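What follows is each chain in one-letter form.
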Amino acid sequence: MPYSSPYPDLDIPKQNILSYLFPPSKPLSTKPLWIDAQNPSVSLSQAQMLLWIKRLAVGLDRLGIPEQRAVMVFTPNHMYVCAAYLAAAGSKRLFTGANPIYTVNEVAHQMKAIEAAVVLIHPDLLETGIAAAKQAHISTDRLFIFSDSESPTTQGVRDWRSILASESEAEAWQWDPLDGEASLQTIAAINFSSGTTGLPKGVCISHRSLITNAAQCMFNKFEGTQYSQDNPGPERWLAFLPLYHAYSQLWTINIACKLQVPVYVMGRFNFDDFLKYIEQYKVTALQVVPPIIVMLSKRPETAKYDISSLKHLFCGAAPLKSELQNEVSKRFNLVIGQGWGMTETTCAGITMPGMTMDLTGSIGYLIPNTEAMLVDDDGKEITKDGEPGELWLRGPQMLLCYWRNEKATKESITEDKWFKTGDVAITKRGLWWIVDRKKELIKVNGLQVAPAELEAILLEHPDVADAAAVGITIHDEEIPRAYVALQEQAKGKTTEEDIKKFVASKVAKHKRLEGGVKFVDEVPKLASGKIVRKLMKEWAKQD
Ligand code: AYL
């Protein structure tokens, strides 16, 4: 028997994400909702946001972008990313975002994988964006400069404002309601994840899944508190997590809009600014990742600011030590609740409700409408509380499929719709703990690093005969390390630094081989060719 959520099922509407966020029955709010953290006189209300969404949706129609084709953004956070996300999804196109620290090769990979039809590029990233588009054979007239102020045409690339419809034209635009089955089958967003194995893949999330996960997380947020969706209480958030990731999209765009919580949108992350904004705007709650909790614990800058307005931190994306959770919670007098989820589960799957303070490191309870199974190495179901197994999940927030990758889809979703997470969990009395990771994934700063991607790059080096990448943990932080077998003639000549530099020239910072390069005679593999990562992780522990 699978485990089910302790909460009653929620009734989730089957509709367009725009119908859910901007219901015609409710007047649109004109209060500042998305506010520029750096320049708070600049903001967008719910009503203004909808107008930008419509103007862009009509603009995309005019460009002739077909349904279910990708609108990609390559930018640090700013308010208009929310408009691009909802315009793309709401007009039945697909939203996808690339990490603004990506190299040309990384952006080009994503552009090609998703067959981007339009790319909106921040002016600071124009050179990288144009070079990547060339590699991906995307023509210049499909690229647009994308920031919160108008830019002149540069290298033939126009500002995104040039494709926007006028206000009156936009007002006439109506979205497809996507009632019923269409809500389940229409993809709204594609974020990238390596899943349990291989290279990063596009994760197809439907309108229905987006709505489901927002509803589940809002239920969970208010569970056991005096507040509710109709009366969320006095809240102010700071959006510093990147909007190309599911976590920020869920809270900064969808939930903030639904609950009408003002959110200060921050561009590039900087810890001092982060603290300054919390103080300045009296931020009440934050969605964070474990490295933020580490910074709050260790960095002296925290003493310079008054962050006593903060009452709640919601932490997900990587393991958080309970000692650290408890220390930071006591010191700053706030509740820290963990949540677990994946790009493939829209975002959340298991979370600690409301203002519950847990001292055991638990990630919480299954959220409504969600079932789980624990499965042993032979594929048998584990039913005894406290016994570890691979976590499988089922619920309306699971991905539809991996984009144009039937093989990966079949490998990760069973015929009766269980999604295999690759995480190892235990459960006791309805609570859940993540105890291990069975899949290859390395998590650095809460961000995914796919070993297969690093291995492909290592093999491009002429002196490398074979290579494997694994995550190793140093001072509670996971970082990538490579085990490399050199070609005969390179042995004793090619150095660790050579390999590290080679990789660093091709990847974003968080994927660099900070855990070092170890030379081996042979990369340990099974007869099938499968790399034995566990063994290398054991070696690393003995260093
Ligand atoms: P992706 N503890 C341990 N590992 C975790 C946790 C956690 N609390 N949360 C995520 N992971 C790991 O796609 C786990 O290995 O999504 C999982 O398979 O970037 C992988 O990260 C997925 O990484 C929320 C809010 C989850 C945010 C998130 C983060 C989603 C990260 C639930 O409510």
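Going by the structure above, here's the rest.
These numbers were taken from a predicted model, which means no experiment stands behind them. (Residues numbered from 1 in each chain as written. Predicted model: local features only at pLDDT ≥ 70, side-chain atom pairs only at ≥ 80, totals over all residues. Heavy atoms only, no water.)

**Considering the environment of Ala540**
The residue Ala540 is located in helix α16 (residues 533-541) in this model. For Ala540, a relative accessible area of 15% corresponds to the buried category. The spacing of Ala540 and Val484 is 56 residues in sequence and 14 Å in space, taken between C-alpha atoms. Ala540 has contacts with Ile472, Arg481 and Tyr483, leaving out every residue within four places of it along the chain. (Helix = DSSP H or I, 4+ residues; strand = E, 2+ residues; numbered from the N terminus. Buried < 20%, exposed > 50% of the residue type's maximum accessible area, 1.4 Å probe, protein only. Contact = heavy atoms within 4.5 Å.)

**Examining empty space enclosed by the protein**
For the coordinates displayed, the defined rule picks out four cavities of 30 Å³ or more. If you add up the space inside the largest cavity, you get close to 280 Å³. If you trace the largest cavity, you find 21 residues lining it, with Tyr102, Phe192, Ser193, Tyr244 and Gln448 closest to the centre. Of all elements in the fold, only α8 (207-222), β13 (285-288) and β14 (312-315) reach the threshold of two or more residues within the lining of the second largest cavity. Partitioned by chemical class, the residues of the lining of the second largest cavity number eight nonpolar, five polar and one charged. (1 Å grid on protein atoms, 1.4 Å probe; cavity = no way out; pocket = protein on both sides within 12 Å on 5 of 7 lines; lining within 4 Å. Points joined across faces, edges and corners; volume = space filled by probe spheres on them. Nonpolar A, V, L, I, M, F, W, Y, C, P; charged D, E, K, R; others polar.)

**Describing the site of the ligand**
Taken together, 22 residues lie around the ligand, and Gly339, Thr343, Asp423, Lys439 and Lys443 are the ones closest in. The contact in question runs from a nitrogen atom of the ligand to an N or O atom on the backbone of Gly339, over 2.8 Å. In this structure, an oxygen atom belonging to the ligand sits 2.6 Å away from a side-chain N or O atom of Asp423. Contact with the protein chains removes 99% of the 660 Å² of surface that the ligand exposes when unbound. Counting residues per element, the ones that place at least two in the shell around the ligand are β15 (335-341), β16 (348-351) and β23 (431-437). In terms of residue count, β15 provides more of the shell around the ligand than any other element does, four residues in total. Along the lines of polarity and charge, the residues of the shell around the ligand split into eleven nonpolar, seven polar and four charged. (Near = heavy atom within 4 Å. Polar contact = N/O pair within 3.5 Å; in protein donor to acceptor, adjacent residues only side chain to side chain. Areas by Shrake-Rupley, 256 points an atom, 1.4 Å probe, with all protein chains shown as cover.)

**Concerning the packing of α8 against helix α9 (residues 246-259)**
Their axes nearest at 10 Å, the elements α8 and α9 cross at an angle of 70°. Accordingly, the angle class assigned to the pair α8 and α9 is roughly perpendicular. Contacts between α8 and α9 involve Leu210, Asn213, Ala214, Cys217, Met218, Lys221 and Phe222 on the former and, on the latter, Leu250, Trp251, Asn254, Ile255, Lys258 and Leu259. Grouping the amino acids of the contact of α8 with α9 by side-chain chemistry returns nine nonpolar, two polar and two charged. (Axes fitted to C-alpha atoms, helices over the stretch in contact; angles between N-to-C directions. Parallel < 35°, antiparallel > 145°, perpendicular 65-115°, else oblique.)

**Thoughts on the pairing of strand β26 (residues 464-474)**
Judged by how many residues are buried, β26 sits mostly within the fold: eight of eleven residues are covered. As paired strands, β26 and strand β27 (residues 477-486) are joined by ten bridges and run antiparallel to one another. Across the sheet, Gly471 pairs through a bridge with Pro480, a residue of β27. Following β26, the chain reverses through two residues before pairing antiparallel with β27; His475 in that reversal takes a positive phi of roughly 45°. (Pairing = 2+ DSSP bridges.)

**As for the pairing of β13**
Residues Ala285 and Gln287 line one face of β13 and the alternating positions Leu286 and Val288 line the opposite face, and both faces are buried. Bridge count between β13 and β14: four bridges; the pairing is parallel. Counterpart to Val288 in the pairing with β14 is Cys315. Viewed along the sheet, the connection from β13 through helix α11 (residues 290-298) into β14 turns out right-handed. (Right-handed = clockwise from strand over helix to strand, strands pointing away.)

**With respect to the pattern of salt bridges**
Considering all chains together, one arrives at 29 salt bridges under this definition. One salt bridge in this structure joins Lys221 and Glu235, with 2.7 Å as the shortest N-O distance. Of this pair, Lys221 sits in helix α8 while Glu235 sits in the loop between α8 and β11 (237-239); the two residues are 14 residues apart in sequence, bridging distant segments of the chain. For the pair Lys221 and Glu235, one class covers both residues: buried. What emerges from the salt-bridge pattern is a single network uniting Glu67, Lys92 and Asp176. (Salt bridge = Lys/Arg side-chain N within 4 Å of Asp/Glu carboxyl O.)

**Some words on the sheet that holds β14**
Taken in spatial order, the five strands line up as β13-β14-β15-β16-β17 in an open sheet, and their pairing is mixed. Strands with a single pairing partner mark the edges of an open sheet, and in this sheet they are β13 and β17 (365-366). Of the strand pairs in this sheet, β16 and β17 are connected by two bridges, and their pairing is antiparallel. Each residue of the ladder has a partner; that of Thr351, found in β17, is Tyr365.

**Looking at the layout of surface pockets**
Gaps left between atoms are located by rolling a probe of water-molecule size over the structure's atoms. The calculated volume of the second largest pocket comes to roughly 1,100 Å³. A class-by-class count of the residues in the lining of the second largest pocket yields 23 nonpolar, nine polar and seven charged.

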